[in-house]
Amino acid sequence: MTQRIVMPGLMEIGAGALDKVADMMGLLACSQPLIVTDQVMSDLGYVKRVQNSLAAQGMACGVFLDTEPEPTEASILPAVDQVVTGQYDCLIALGGGSAIDSAKAIGLLAQHGGKMQDYKVPHVVTEAILPVIAIPTTAGTGSEVTRVTIITDQETDEKMLCMGPGLIPRAAIIDYELTLSVPARIAADTGIDALTHAMEAYVSGKAGVFTDQQALAAMRLIAPNLRQAVNQPGNHAAKEKLMLGATMAGMAFSNASVALVHGMSRPIGAHFHVPHGMSNAMLLPVITEFSILASLERYADCARAMGLADDIISDQEAVERLMIELRQLNQDLKVPSLSAFGIDKAQYFSLLDTMAEQALASGSPNNNPRVPSKEQVIELYEKVWSEG
Ligand code: NAD
């Protein structure tokens with residue numbers, strides 16, 4: 001069996017990489033960018049740094065400041081208009097996964113028209129979009145290297161998963177220093193998101209030798225550094241490793257897919273506005289426990305890569321340590337339960353059927369080592385509620 005790998009053609013990685021944005025534009029033969037970002041990036045001075053880098057090489061740019069966290073289709077449409085009526089030859093996505101996903105969707109709709117519904121799975125986005133240079137400012141989603149964008153349909157509250165090689169950013173600038181300003185809560189959520197990507201890519205039914213290496217390397221980088229990166233915002237070494245881990249986890253899952261955690265996480269995010277990484281964290285222990293026996297060896301490898309076990313102890317003991325660590329991590333990083341987050345119990349239970357259908361329709365649960373029935377997905381949602 002072969003594994004098809006897609007990733008950006010150009011990456012600039014390391015402290016200060018942000019200032020190479022104009023060089024990157026030159027390599028892509030682009031000169032008229034629209035920066036797709038948010039007000040936070042402007043307030044932090046990051047937008048100005050990009051503008052200065054461009055101006056130094058005689059390039060002007062437009063700015064779209066109104067991307068939203070967990071973007072809806074409505075939130076990106078003004079930028080689509082701006083691109084269609086303007087003179088832009090590329091997009092610079094500056095921000096977390098939300099800004100990068102927004103840019104991918106803007107680049108798609110501006111080039112090809114239609115609605116995001118038209119492009120959600122099972123459609124495969126092979127359409128070439130306006131070139132995107134992705135500059136992540138969180139260490140989490142890996143969107144800078146993935147063939148994925150997730151846009152919410154504001155009418156139905158569905159988080160639409162859109163995938164295909166057309167959505168790969170043309171270039172990525174991965175500068176961990178941009179993550180030094182991430183607030184602790186967001187650093188925790190995004191970090192667990194990255195860990196979940198690595199674990200799910202490794203146990204996915206679509207895993208392969210190439211993505212296994214990215215996933216294991218990502219776990220080795222993320223797990224021992226996550227707590228420090230969250231609790232010591234100025235810890236450059238931990239932040240750098242977390243950022244590289246998040247990007248490698250992105251490469252792994254973009255090519256091997258995610259699984260049940262992500263499938264069940266998107267409906268929670270869409271219906272109850274729980275940030276993506278946080279809903280993954282809420283689900284990760286229960287879903288791992290459900291899946292573990294179907295892939296004992298692979299989960300034991302995860303435990304070993306995360307530094308929880310050596311080669312001498314049994315796989316069974318390694319996965320027991322993994323389960324303890326996943327619950328402890330949530331406690332240490334103060335991941336709230338569903339009820340502590342403020343979700344209404346009656347509303348949650350009334351949506352279980354819909355959420356289970358949406359989770360299964362995304363296709364991600366089919367990649368899980370243990371593929372659940374709809375009834376089992378509902379039971380798992382119930383268990384996640386009661387465990388909290
Ligand atoms: P985010 O982009 O939603 O950002 C959360 C908040 O953090 C925002 O208010 C943002 O302004 C702020 N922020 C970002 N960087 C900051 C910094 N350096 N300093 C201070 N504040 C900062 O968070 P995210 O977790 O990176 O992205 C979540 C989105 O990514 C969701 O919509 C999710 O569905 C999507 N996602 C996409 C993929 C993919 O492959 N395309 C994968 C996973 C998740």
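Sequence order as written defines residue numbering, which begins from 1 separately in each chain. In keeping with the model being predicted, local features are shown solely for residues with a pLDDT of at least 70 and side-chain atom pairs are shown and tallied solely at 80 or more, while totals for entire chains, interfaces and linings include all residues. Excluded from the side-chain calculation are hydrogens and water; included are all heavy atoms of the structure.

1. Structural notes on the pattern of salt bridges
- Salt bridges, as used here, are contacts in which a Lys or Arg side-chain nitrogen is within 4 Å of a carboxyl oxygen on Asp or Glu. Applying the stated rule across the entire model yields 15 salt bridges.
- Between Lys 383 and Glu 289 there is a salt bridge; the shortest N-O distance is 3.0 Å. With a gap of 94 residues between them, Lys 383 in helix α17 (residues 374-387) and Glu 289 in helix α11 (residues 276-291) connect regions that are remote in the sequence.
- Notably, a salt bridge pairs Glu 317 with Arg 321, separated by 3.0 Å at the nearest N-O pair. Residue Glu 317 and its partner Arg 321 are both found in helix α13 (residues 315-332); the two are separated by four residues, about one turn of the helix.
- Taken together, the shared-partner salt bridges connect Glu 289, Arg 327, Lys 383 and Glu 387 into one network. By definition, any uninterrupted DSSP run of H or I lasting at least four residues is a helix, any uninterrupted run of E lasting at least two residues is a strand, and each is numbered from the N terminus.

2. Section: the sheet that holds strand β4 (residues 90-95)
- Within the open sheet, the six strands sit side by side as β1-β8-β5-β4-β2-β3. Their pairing is parallel. The strands lining the two open edges of the sheet, one partner per strand, are β1 (10-13) and β3 (62-64). Within the sheet, the average angular offset between the axes of one strand and its neighbour, ignoring direction, is 15 degrees.
- Between two residues, a contact is recorded if the distance between any of their heavy atoms is within 4.5 Å. To get an axis, a line is fitted to the C-alpha atoms, and for a helix only the part in contact is used. The angle between two axes follows their N-to-C directions and goes from 0 to 180 degrees. Lying on the sheet, helix α3 (residues 46-55) is in contact with β2 (33-36), β3 and β4; it crosses β4 at an angle near 145 degrees. Two strands pair under a simple rule: DSSP has to find at least two bridges between them.

3. Observations regarding the site of the ligand
- The local shell around the ligand holds 29 residues, among which Asp 38, Ser 98, Asp 101, Thr 138 and Thr 146 are the closest.
- Polar contact criterion, stated in full: a pair of N or O atoms within 3.5 Å, where within protein one must be able to donate a hydrogen and the other to accept it, and residues adjacent in sequence count only if both atoms are side-chain atoms. Between Glu 70 and the ligand, the recorded distance is 3.5 Å, taken from a side-chain N or O atom to an oxygen atom.
- A distance of 2.7 Å separates an oxygen atom of the ligand from a polar side-chain atom of Thr 146.
- Isolated, the ligand exposes 870 Å² of accessible area, and the fraction of that covered by the protein chains is 92%.
- Among the secondary structure elements, those contributing two or more residues to the shell around the ligand are α2 (39-43), α5 (97-112), β6 (148-153) and α6 (184-203).
- The dominant element in the shell around the ligand, judged by the number of residues it contributes, is α6, at four residues.
- Here the shell around the ligand is built from residues that sort into 12 nonpolar, 12 polar and five charged.
- Per the annotation, domain bounds derive from an automatic or database assignment of domains. Each of domain 1 (10-179) and domain 2 (184-387) contributes no fewer than three residues to the shell around the ligand. Consider each residue's heavy atoms; a residue with any of them within 4 Å of a molecule or strand counts as near. For the area figures, the Shrake-Rupley method with a 1.4 Å probe applies, and any residue is considered shielded solely by the protein chains shown. Only Asp, Glu, Lys and Arg are considered charged, only Ala, Val, Leu, Ile, Met, Phe, Trp, Tyr, Cys and Pro nonpolar, and every remaining residue, Gly among them, polar.

4. A look at the domain arrangement of the protein
- According to the domain assignment, the protein consists of domain 1 (10-179) and domain 2 (184-387).
- In this structure, domain 1 and domain 2 have C-alpha centres spaced 25 Å apart.
- Each side of the interface is counted separately: domain 1 has 26 residues, and domain 2 has 28 residues.
- There are zero salt bridges connecting domain 1 and domain 2.
- Put simply, domain 1 and domain 2 have five residue pairs in polar contact (both at pLDDT 80 or more) between them.
- Those elements that provide at least two residues to the side of domain 1 that touches domain 2 are β1, β6 and β7 (158-163).
- In terms of residue count, the dominant contributor to the side of domain 1 that touches domain 2 is β7 (three residues).
- Per-class residue counts for the side of domain 1 that touches domain 2 are 11 nonpolar, seven polar and eight charged.

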